[in-house]
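Here is what each chain is made of, one letter per residue.
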2 protein chains.
Amino acid sequence: MKKTDKYTVVIQGWDLMSYFSDTRDVCWFLEPELANAIKALHGAIGNAVTEERYIVVGTGSSQLCQAALFALSSLSEVQPVNIVAAVPFYSTYVEEASYLQSNLYKWEGDARTFDKKGPYIEMVTSPNNPEGTMREPVVNRTEGGKVIHDFAYYWPHYTPITRREDHDLMLFTFSKITGHAGSRIGWALVKDIEVAKKMVHYLTINSIGVSKESQTRATTILNELTKTCRNKSESFFEYGYEKMKSRWERLREIVESGDTFTLPNYPQAFCNFFGKTISTTPAFAWLGCKEERDLGSLLKEKNVLARGGDRFGSDKKYVRISMLSRDHDFHVFLQRLATIKDLK
Amino acid sequence: MKKTDKYTVVIQGWDLMSYFSDTRDVCWFLEPELANAIKALHGAIGNAVTEERYIVVGTGSSQLCQAALFALSSLSEVQPVNIVAAVPFYSTYVEEASYLQSNLYKWEGDARTFDKKGPYIEMVTSPNNPEGTMREPVVNRTEGGKVIHDFAYYWPHYTPITRREDHDLMLFTFSKITGHAGSRIGWALVKDIEVAKKMVHYLTINSIGVSKESQTRATTILNELTKTCRNKSESFFEYGYEKMKSRWERLREIVESGDTFTLPNYPQAFCNFFGKTISTTPAFAWLGCKEERDLGSLLKEKNVLARGGDRFGSDKKYVRISMLSRDHDFHVFLQRLATIKDLK
């Protein structure tokens, strides 16, 4: 983020005091300016349909994911509803679906091997966390299934924008666009008003809405992203893509110069936003080990911290490495990786 | 809130980006400046002990209440843990304890009639929401019980500060001090580190922490409250108490001039903060009807909206009226009430 004052917010003492933002909106605690900023950005990037959608704002997309689980399972005739995701899946889904021991829903693990009867919700993260591939639902049933599409990383600095996504329940988060994780702002685009209402019901009980200060700041920053996105020298997405591309090239160079590690290969694709064919440069590297070793432990010995593949329902020979660290940290990571790339 | 720029915050684009505030703190997403501001304000007002306490910040005290239910019930050997509160109780507790159909805890209603075996958590709100009385736990058992003290309204503009509260788990909220409900900032003062850790675990899964923008703004405003609290012309609490006192006098005048309504009587008491004997001037009026009538419906006919007593586990002859509305709204409320005070 460049340090320009266009991204600065000023909030006066008497401002933003109420619980309410717009009592006529299904999501009564959503600031109308944020709703407009979200629609404008999706319109400019072309990554998601916002027409005929209810926007539900959350304290990050984690809270929204739980609001969605609550909404879809509350509306199911049979409970608990099975929650599944194809391996490797975002490790936090397991905790989100399990920690409260709810009778509404139940974590059932890998969507590919899911064979229980009854209603289910499939979490589809695309590009996927941890390994950056584009995903589709894998449970193949004609009825009883709902899908939550988590599009946290479906932005042009991570992956080519190949279509405007158009699904029943899509999640996005401010933190994975610009890195403003501290603001805890996420949003859902929801087709069915009953689902949107139930999500709002969850958010009302869970936290009586979402910080207005964060909503105001997200509005300012998202609007600035939209305004500058076609200006090559000012566009955050141009900057972000070049940064990610350079990091991936440096990482691949080290991995390919040795005989220890593996990385996924991604197809190049035409990005509708950039108007050209680009690489996939995910927010995480799904680093693998050619031999059957516990890669997380091996890296830890070399002072590289990464989340082990087993946390994602996969194998310990993989780890998830953040590609979004600060320049200095990323540089040190590469240096340390280089010292072990020929380890036998 | 007076419109002075001491209460204004300016947040630059690159600031407050991380999930983390202080990785050494049990509550790693709590801004250290907010922790200091909270301690300073409690110190200046004298309403709660903060020494040897862990501070856990939440997205309002609603989220913290749920974090506390999770923490205390997770640490219980037997589950579900019974959740109780003495009638009349804050209506939202019922929803908070029930909506997710958790196997960890179960809403059991009135604490006074609670006679089930097994562990329990008693919610003690003091001053109480809805009727403003000072409360103590009522379940009288030697073991198996935990108490969550909700001190949302234990501030000198609502009630005389008679002692520094000193309990295991105390909840406070920014919204009920100055009215900044939109910020969604609450905090818990927690004695036991294991309970604090479990609460942080809940908040990590539920929303990966709490808006930094809101924390920053709350810090600025709480610090200003502390700084000015001994200056009679600038003190928010002096202003707030005079405002509440005047509203209560006007309300009592109308109620006492007719023969329809009742209001609780509160003892005067010496307030350690103001250094003099003052009245109790709660945030809500627990308006009753002398006859057995559905007071909520009666008022609704006269365009007065109030939450019915049945929502608080009590009788429909009572309603909860907010004493915190804007001047104009409060004035209109009194006018409408005056037209029905002699209704037969």
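Keep in mind it's a predicted model, so treat the numbers as computed, not measured. (Residues numbered from 1 in each chain as written. Chains lettered and ligands numbered in written order. Predicted model: local features only at pLDDT ≥ 70, side-chain atom pairs only at ≥ 80, totals over all residues. Heavy atoms only, no water.)

A.B. asks: Which parts of the structure should I look at to understand the nonpolar core?
C.D. replies: The nonpolar side chains of a soluble globular protein tend to be buried with one another. Grouped together as the largest cluster of nonpolar side chains are 206 residues, with contacts concentrated most on A:Trp187, A:Met199, A:Phe237, B:Trp187, B:Met199 and B:Phe237. Not counting the four nearest positions on each side in its chain, A:Phe237 is found in contact with A:Leu41, A:Ile45, A:Trp155, A:Pro156, A:His157, A:Ile177, A:Leu225, A:Cys229, A:Phe273 and A:Phe274. (Core = buried A, V, L, I, M, F, W, Y, C linked by side-chain atoms within 4.5 Å. Buried < 20%, exposed > 50% of the residue type's maximum accessible area, 1.4 Å probe, protein only. Contact = heavy atoms within 4.5 Å.)

A.B. asks: Could you clarify how one ought to interpret the sheet that holds strand E4 (residues 105-110) of chain B in this entry?
C.D. replies: Backbone hydrogen bonds are what pair the strands of a sheet, in a parallel or an antiparallel way. Residue and element names in this part refer to chain B. Spatial strand order, E2-E8-E7-E6-E5-E3-E4: seven strands in an open sheet with mixed pairing. Each edge of the open sheet is held by one strand with a lone partner, namely strand E2 (54-59) and E4. With strand direction ignored, the average angle separating the axes of adjacent strands in the sheet is 25°. Of the strand pairs in this sheet, E2 and strand E8 (residues 185-190) are connected by six bridges, and their pairing is antiparallel. Across the sheet, residue isoleucine 55 finds its bridge partner in E8, namely leucine 189. Of the strands in this sheet, E2, strand E3 (81-85), E4, strand E5 (120-125), strand E6 (145-150), strand E7 (169-173) and E8 touch helix H2 (residues 60-74), which is tilted by about 125° from E2. (Pairing = 2+ DSSP bridges. Helix = DSSP H or I, 4+ residues; strand = E, 2+ residues; numbered from the N terminus. Axes fitted to C-alpha atoms, helices over the stretch in contact; angles between N-to-C directions.)

A.B. asks: Where do I start with the domain arrangement of chain A in this structure?
C.D. replies: Residue and element names in this part refer to chain A. Looking at the assigned domains, one finds that chain A contains domain 1 (18-228) and domain 2 (236-340). The C-alpha-based centres of domain 1 and domain 2 are spaced at 26 Å. Between domain 1 and domain 2, the residue contacts involve 27 residues of the former and 28 residues of the latter. Both sides of the domain 1 and domain 2 interface together cover about 2200 Å² of buried area, and 66% of this is carbon and sulfur. Applying the counting criterion to the domain 1 and domain 2 interface returns zero salt bridges. At the boundary of domain 1 with domain 2, the tally comes to eight residue pairs in polar contact (both at pLDDT 80 or more). Per-element accounting of the side of domain 1 that touches domain 2 gives the leading share, three residues, to helix H1 (residues 32-45). Of the residues that constitute the side of domain 1 that touches domain 2, the class distribution is 16 nonpolar, nine polar and two charged. (Domains from an automatic or database assignment. Buried area = accessible area lost by both parts, 1.4 Å probe. Salt bridge = Lys/Arg side-chain N within 4 Å of Asp/Glu carboxyl O. Polar contact = N/O pair within 3.5 Å; in protein donor to acceptor, adjacent residues only side chain to side chain. Nonpolar A, V, L, I, M, F, W, Y, C, P; charged D, E, K, R; others polar.)

A.B. asks: Teacher, can you tell me more about the pairing of strand E7 (residues 169-173) of chain A here?
C.D. replies: The side chains of a regular strand alternate, first on one face of the sheet and then on the other. All names here are of chain A. Counting buried residues in E7 gives five out of five residues, a clear majority hidden from the surface. Residues Leu169, Leu171 and Thr173 line one face of E7 and the alternating positions Met170 and Phe172 line the opposite face, and both faces are buried. Of the strand pairs in this sheet, strand E6 (residues 145-150) and E7 are connected by two bridges, and their pairing is parallel. Within the sheet, the bridge partner assigned to aspartate 150 lies in E7 and is leucine 171. Inspection of the sheet shows E7 paired to strand E8 (residues 185-190) by five bridges, in the antiparallel sense. Counted as the bridge partner of leucine 171 is alanine 188 from E8.

A.B. asks: When you look at the interface of chain B and chain A in this model, what are you seeing that I'm missing?
C.D. replies: When the parts come together, some accessible area is lost, and that loss is often what is quoted as the size of the interface. Contacts between chain B and chain A engage 52 residues on the former and 52 residues on the latter. One can count two salt bridges joining chain B with chain A. Of the charged contacts, one joins A:Glu213 and B:Arg217 as a salt bridge, the two residues approaching to 2.7 Å between their closest N and O atoms. Where chain B touches chain A, the interface holds 49 residue pairs in polar contact (both at pLDDT 80 or more). Residue assignment for the side of chain B that touches chain A shows that the elements contributing at least two residues are strand E1 (9-11), H2, helix H3 (91-98), helix H4 (175-178), helix H5 (193-207) and helix H6 (212-228) of chain B. Summarising the sheet, strand E1 (residues 9-11) of chain A and E1(B) pair through three bridges and their orientation is antiparallel. Each residue of the ladder has a partner; that of A:Ile11, found in E1(B), is B:Val9.

A.B. asks: Help me out: how do you make sense of the pattern of salt bridges in this one?
C.D. replies: Where charged atoms of side chains with opposite charge meet at close range, the side chains can pair. Residue and element names in this part refer to chain A. This structure, assessed with the given rule, holds 34 salt bridges over all chains. Across the salt bridge formed by aspartate 22 and arginine 24, the nearest N and O atoms sit 3.1 Å from each other. Look at aspartate 22 and you get buried, because its relative accessible area is 14%. Put simply, lysine 191 and aspartate 166 hold a salt bridge, and the shortest N to O gap is 3.9 Å. With lysine 191 in the loop between E8 and helix H5 (193-207) and aspartate 166 in the loop between E6 and E7, this residue pair connects regions lying 25 residues apart in the sequence.

A.B. asks: Just checking my understanding: could you explain unusual backbone geometry for this structure?
C.D. replies: Note on backbone geometry: most residues besides glycine have negative phi, and most peptide bonds are trans. Residue A:Pro80 is bonded to the preceding A:Gln79 through a cis peptide linkage, with omega at -5°. Structurally, the position occupied by A:Pro80 is in the loop between helix H2 (60-74) and strand E3 (81-85). Put simply, B:Ser126 and B:Pro127 share a cis peptide bond, and its omega is -5°. Within the chain, A:Ile208 stands out as a residue other than glycine whose phi angle is a positive 45°. The residue A:Ile208 is located in the loop between H5 and helix H6 (212-228) in this model. One non-glycine residue, B:Gln101, adopts positive backbone phi at about 50°. Among the secondary structure elements, B:Gln101 is positioned in the loop between H3 and E4. We classify B:Gln101 as partly exposed; its relative accessible area is 36%.

A.B. asks: Explain the relation of the copies chain B and chain A here, please?
C.D. replies: Two copies of one chain are present, and they are related through a rotation about an axis combined with an axial shift. With an RMSD of 0.0 Å, the fit of chain B onto chain A corresponds to turning through 180° and sliding 0.0 Å along the axis. The superposition of one copy onto the other is thereby described by a two-fold rotation axis. Most of the interface of chain B is mirrored in chain A, where 100% of its interface residues are also at the interface. (Least-squares fit on C-alpha atoms with pLDDT ≥ 70 in both.)

A.B. asks: Help me out: how do you make sense of the packing of aromatic side chains in this one?
C.D. replies: Centre-to-centre distance and the angle between the planes together describe a pair of aromatic rings. What the rule picks out here adds up to 46 aromatic pairs over all chains. Consider the rings of A:Trp286 and A:Tyr318, whose centres lie 5.2 Å apart with planes at 10°: the pair is stacked. Of the two residues, A:Trp286 sits in strand E12 (residues 284-289) while A:Tyr318 sits in strand E14 (residues 318-322), which places them 32 residues apart along the sequence. For A:Trp286, a relative accessible area of 7% translates into the label buried. When the centroid spacing of 5.7 Å and the interplanar angle of 45° are considered together, the rings of B:Phe151 and B:Tyr154 count as tilted. You'll find B:Phe151 and B:Tyr154 in the same group, each marked buried. Pairwise contacts between aromatic rings join A:Phe151, A:Tyr154, A:Trp155, A:Phe172, A:Trp187, A:Phe236, A:Phe237, A:Tyr241, A:Phe273 and A:Phe274 into one cluster. One cation-aromatic arrangement involves A:Arg320 over A:Phe284; the distance from NZ or CZ to the ring centre is 3.8 Å. (Phe/Tyr/Trp six-rings, centres within 6.5 Å; stacked < 30°, edge-to-face > 60°. Lys NZ or Arg CZ within 6 Å of the ring centre and 35° of its normal.)

A.B. asks: Could you clarify how one ought to interpret H5(A) in this entry?
C.D. replies: An α-helical turn contains 3.6 residues, so any two residues separated by three or four positions project in the same direction. Residue and element names in this part refer to chain A. Compared with an ideal rise of 1.5 Å per residue, which puts 15 residues at 21 Å, H5 spans 21 Å between its outermost C-alpha atoms and is within 8% of the ideal. Three or more residues of H5 are buried, namely Val195, Ala196, Met199, Val200, Tyr202, Leu203, Ile205, Asn206 and Ser207. Isoleucine 208 occupies a position one or two residues after H5 and carries a positive phi of about 45°. (Expected span 1.5 Å × (residues − 1).)

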